Amino acid sequence: MGQYILRRLLQFIPVFLGVTLVLFVLTRVIPGDPVKLLAGERSQDPVVYEAITKAYGLDKPILVQYVNYLGSIVKGDFGQSIATSREVTTIFKEKYPYTVKLALAAIFVEIIIGIGAGVISALRPYSFLDALVTLSTSVLVSLPVFWLGMLLQYFFGIWLKRWTGATLYLPISGAHSATFPDWVHLILPAVTLASVSTAYAARIMRSQLLEVQGQDYVRTAYAKGLSSRAVLWGHSMKNALIPVVTFVALDLGAMLSGAILTETVFNWPGIGYTIFSAIGKRDWPVVIGSTIIVTLVFMVINLVVDIGYAFLDPRIRYDESKA
Amino acid sequence: MLPYGPGTVRTAGKEAGVLTYRFRRTIATAVVAAMVLSVLGLVGCQPAGQGDGEKSDEPAKGGTMTFFIVEPAFIDPYNAQESEGVQVVQAVFDSLTAIDPISGKAIPAAAASWEPNADATVWTFKLVEGAKFHDGTPVTAKDFVYAFNRIATSPNKIPDAASEIAYHLSPIKGFDEAGEKGTDMAGVKAIDDMTLEITLSYSWGDFAYVLAHPAFGPVPQAAVEKDPKAFADMPVGNGPFKMAEPWKHDQYVKVVADPDYYGDKPFIDGVDFTIFKDEETAFREFQAGTVDFTEIPQGQIQTSIETYGESKDGWTVNPGEQVLIGPEAAIYYYSFNVADPVMKDVKVRQALSMAINRQALADTVYEGTREPADSFIPKGMLGYEPGIWPETTYDLEGAKKLLAEAGYPEGKGLPEIKINFNTGGGHEKPMELISSDWAKLGIKTKSEGLEFPQHIDKMQSHKYQVGRAGWIADYPIMDNFTYPEFLSTSADNWSGFKDLEVDAALEKARATIDEDARIKAYQDIEKKIAAASPVAPLVWYAHRHVGSERLNDFVYDNIGLGHFEKVWLTPEEPASK
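In this text, all values refer to a predicted model and were calculated from it rather than measured experimentally.

Draft legend 1. Summary view of unusual backbone geometry. The residue N267(A) is not glycine, and still its phi comes out positive at about 50 degrees. Relative to the assigned elements, N267(A) resides in the loop between helix 11 (260-265) and helix 12 (271-280). By relative accessible area, which is 4% here, N267(A) ends up buried. Phi is positive for H462(B), which is not a glycine, with a value near 60 degrees. You can see H462(B) is positioned in the loop between helix 17 (452-460) and strand 17 (466-472).

Below, the structure is given as structure tokens:
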């Protein structure tokens, strides 16, 4: 196991180099000069243009820029934003906790509601509840995220506030306010961000559990005289959960790289929108720096998931026996 | 300060807005319906302010106003470049002068009085006595000298954050050396603690207006040098409001009234600048009652006017008169590349300009909120003269005649004309409308929509035929709409218009001290430019903003700055539960 982890960690290096190279090349291929853009539609003072271009090393050949960049990253220096002169690490430290909070809250919703609904409908297939779950998952999957977000905002933030005379409502944007504790601010964005994945999670859970419930070993377990609860939690769920865990974990990885739409609709100060707007401004240090850190996070989560399999399913082994 | 200046951030927001346009319409209707129901059915649920309260004459004190901005690039005056940053700087700092939002004239601010010399090259300012920075240190002429040099020398001294607004100081003697060598400008001198002398490298009669720009505020050297990064997030100024806490990036900037302010103290306790990613969410927060002033998303202006009432003058919010659609000191126009083989013919340019139905453009695309431009200098500005640009009058027959005179009867022989614009900023619809107008002349058009950075590249390098452009005033003076745009050597002259007589007249107008004579000079210049039609003015930008019911006398002026020094809030009624 130890060796496996080490091998996976070593694989990080080429992936990391590849990502930085691709990012670097892509950002230079796209037309648009970040320094010129600082002036908007106005022409720029040539002295200012030259000073900024030099200060950020943008006058050097791309290869030299790339090597210099790698050199400073190794030292933990991700450079600073061209548009605002702020350190990329400062920006990241400021934004990322919000992305993590939102992702964890959304995953929480996804696990509780998604898996819960999946199990319920699998245990009572073709019942009213099952039909309800199937119907609502279909609706959720087809709803665009920003649309659902706006709908929730209108309902919980505006209508409810009016109808209840401002006694019962939810905050519709931002992460802090004087009126609400911080966690309340998470409710609407988390539900919105989780919506589509929750629907998928429920569907996967349902189909997997139905399949497993029909397996021979489950019948054997029943034949042994185990209670249906013991069969469900001791035997069926363990196997049925594997694809669901994969899905949820990869989803967590995706959410941890930022959620542009949800962040925009709910004005959530996360990293996704920061990267998105930095692309518009061609603010390459921010784009590359943040993307690299986000990539690292994703790779680590992937590794953790792979290791997690071994615990869920004893048949999966990462030893060296295969040579 | 230019349209979509900070960016592409705003452009992107607008793009997202286009996608959801239809949906928002529906929702807006639903909201209105719900509101009507709640007023009809649930009496006492929502006190309708304008109905039950006769407006008292005595402004009430207290309360905090919430104001929507997008994330600024800087709130430190040395690099406050776009309207949102400038908005904050304006609350926290006082420049030497200010512009009165009603009369449009320069008025005293940090300077109690000023005097130019005979040829307007040396300006002497007497500072207000007893003014203090928010940290308690007195404001002296030295603080202005330091602040100006901090900006001008930035390319040399802090190249990684060289000031984008340094160009405002370019009239001052020694500006170029300051940027290149890092030496202090020879043209800024503290004669004594209370007297500041500014020497320009050329005459500029409008300089008192230029000085109202927030870049010209003083900064306390000790506070800056102690920790420049901390200062950038929590600048210490001399204005009516001081920072309540450091800028919370992407969330808010909070300022509170400074009890020791030297001038008239504001009525309100403070302003929360709430930072949103776009106006869509900000507008929903406005509907939820948590934001006091915001932009109205496109497509919701008419319903907003029905719901909140239209402001009388277009710039001032009062209860029941809450929607602002007053013109801004900004113009939306099409630029003709005069070096282009087809566009070099003045008759073609005039014909194209006259064939555009600007009224239809204003009515359909902008829901009647923008006015058709009949001048390059926007309405509402000091010196604006209606109808000064005859080619802006819709005249299809006249256009046809001109085109025939140019050798293209009914468009015959004229190659396809290419229109350049940037995508995602709502420029498609005007382009389509103008294409159909030009089709009536028998002209075929094609269009090239590029991303903002590429579009700007094309326009600046004159690699286009006809292109969309916009210009927002840095200072609300006529010079700002003529000198940078039409001086033959100006880098902002996208059309490539070159007339040495106009060049000379522009320099002469700058040197004219008498205000009326100066205004007359600029009017003559504009007439000359109009005759050559290097551009086709289309519409003036206009506000599309709305304030809450509790705002009184809140002025949002034509350069897009809110005036927090006069606004007062209707006190909250005892809550009706």
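Draft legend 2. Structural context of the interface of chain A and chain B. At the interface, 56 residues of chain A touch 62 residues of chain B. Area buried by chain A at its contact with chain B is led by E41(A), R42(A) and R162(A), which between them contribute 18% of it. On the surface where chain A and chain B come into contact, there are five salt bridges. Measuring nitrogen to oxygen at the nearest pair gives 3.7 Å for the salt bridge that ties K229(B) to E87(A). Inspection of the region where chain A meets chain B yields 22 residue pairs in polar contact (both at pLDDT 80 or more). The element contributing the most residues to the side of chain A that touches chain B is helix 7 (residues 145-163) of chain A, with twelve residues. When grouped by side-chain class, the residues that make up the side of chain A that touches chain B number 27 nonpolar, 16 polar and 13 charged.

Draft legend 3. Region of interest: the confidence of the model for chain A. When pLDDT is averaged along chain A, the result is 90, and 98% of the positions lie at 70 or above. Confidence scores differ between elements of chain A, with helix 13 (residues 284-312) of chain A showing the lowest mean pLDDT of 87 and helix 5 (residues 88-123) of chain A the highest of 95.

Draft legend 4. Spatial organisation of the side chain of K161(A). Within the secondary structure, K161(A) sits in helix 7. Setting aside its immediate chain neighbours within four residues, K161(A) contacts F156(A), A166(A), L168(A), Y169(A), A288(B), G289(B) and T290(B).

Draft legend 5. Spotlight on the domain arrangement of chain A. Residues and elements named next belong to chain A. For chain A, the assigned domains read domain 1 (2-74) and domain 2 (95-322). Computed from C-alpha atoms alone, the centre-to-centre distance between domain 1 and domain 2 is 33 Å. Residue-level contacts link 21 residues of domain 1 with 19 residues of domain 2. Taken together, both faces of the contact between domain 1 and domain 2 bury some 1,800 Å²; the carbon and sulfur share is 76%. Notably, a salt bridge pairs R8 with D306, separated by 2.5 Å at the nearest N-O pair. For the interface between domain 1 and domain 2, the tally reads four residue pairs in polar contact (both at pLDDT 80 or more). Listed by contribution, the elements that provide at least two residues to the side of domain 1 that touches domain 2 are helix 1 (2-29), helix 2 (34-37) and helix 4 (62-74). When residues in the side of domain 1 that touches domain 2 are grouped by element, the largest group, 14 residues, is from helix 1. For the side of domain 1 that touches domain 2, a count of residues per class yields 15 nonpolar, four polar and two charged.

Draft legend 6. Spotlight on the environment of A240(A). Residue and element names in this part refer to chain A. For A240, the position within the fold is in helix 10 (residues 228-256). A relative accessible area of 0% means that A240 is categorised as buried. As a C-alpha pair, A240 and M205 span 35 residues in sequence and 6.9 Å in three-dimensional space. Beyond its immediate stretch of four places on either side in the chain, A240 contacts M205, Q208, L209 and V212.

Draft legend 7. View of the environment of T53(A). Residue and element names in this part refer to chain A. Inspection of the secondary structure assignment puts T53 in helix 3 (residues 46-55). For T53, a relative accessible area of 12% puts it in the buried group. C-alpha of T53 to C-alpha of F298: the two residues are 245 residues apart in sequence and 32 Å apart in space. If sequence neighbours within four positions are ignored, T53 has contacts with V35, L58 and D59. Within the structure, the side chain of T53 is placed 2.6 Å from the backbone oxygen of Y49, a separation counted as a polar contact.

Draft legend 8. Broad picture of a nonpolar patch on the surface. Judged by side-chain polarity, L6(A), L10(A), I13(A) and L17(A) come together as a nonpolar surface patch covering roughly 380 Å² of accessible area. Note that L10(A) resides in helix 1.

Draft legend 9. Representation of helix 16 (residues 428-439) of chain B in the model. All names here are of chain B. The end-to-end C-alpha distance of helix 16, which contains twelve residues, comes to 16 Å, matching closely the 16 Å that a straight helix rising 1.5 Å per residue would cover. The complete set of buried residues in helix 16 reads P430, M431, I434, S435, D437 and W438. An end-on view of helix 16 places all buried positions within 160 degrees of arc, on one side of the element.

Draft legend 10. Representation of the packing of aromatic side chains within the structure. All chains considered together, the criterion is met by 41 aromatic pairs over all chains. Note on F92(A) and Y96(A): the rings are 4.6 Å apart at their centroids and 20 degrees apart in plane angle, and the pair reads as stacked. Placement of both F92(A) and Y96(A) in helix 5 is noted, with a separation of four residues, approximately one turn of the helix. Residue Y96(A) is classed as buried on the basis of its relative accessible area of 10%. On the numbers, 6.5 Å between centres and 80 degrees between planes, the contact of F207(B) with F216(B) is edge-to-face. Summarising the burial analysis for this pair, F207(B) and F216(B) share the class buried. Above the face of the F24(A) ring, R28(A) is positioned so that its terminal group lies 4.4 Å from the ring centre.

Reading the values: rules and limits
- Residues numbered from 1 in each chain as written.
- Chains lettered and ligands numbered in written order.
- Predicted model: local features only at pLDDT ≥ 70, side-chain atom pairs only at ≥ 80, totals over all residues.
- Heavy atoms only, no water.
- Helix = DSSP H or I, 4+ residues; strand = E, 2+ residues; numbered from the N terminus.
- Buried < 20%, exposed > 50% of the residue type's maximum accessible area, 1.4 Å probe, protein only.
- Contact = heavy atoms within 4.5 Å.
- Buried area = accessible area lost by both parts, 1.4 Å probe.
- Salt bridge = Lys/Arg side-chain N within 4 Å of Asp/Glu carboxyl O.
- Polar contact = N/O pair within 3.5 Å; in protein donor to acceptor, adjacent residues only side chain to side chain.
- Nonpolar A, V, L, I, M, F, W, Y, C, P; charged D, E, K, R; others polar.
- pLDDT = per-residue confidence, 0-100.
- Domains from an automatic or database assignment.
- Patch = residues over 30% accessible without salt bridge, like charges linked within 9 Å, V, L, I, M, F, W, Y side chains within 5 Å.
- Areas by Shrake-Rupley, 256 points an atom, 1.4 Å probe, with all protein chains shown as cover.
- Expected span 1.5 Å × (residues − 1).
- Arc of directions from axis to C-beta.
- Phe/Tyr/Trp six-rings, centres within 6.5 Å; stacked < 30°, edge-to-face > 60°.
- Lys NZ or Arg CZ within 6 Å of the ring centre and 35° of its normal.

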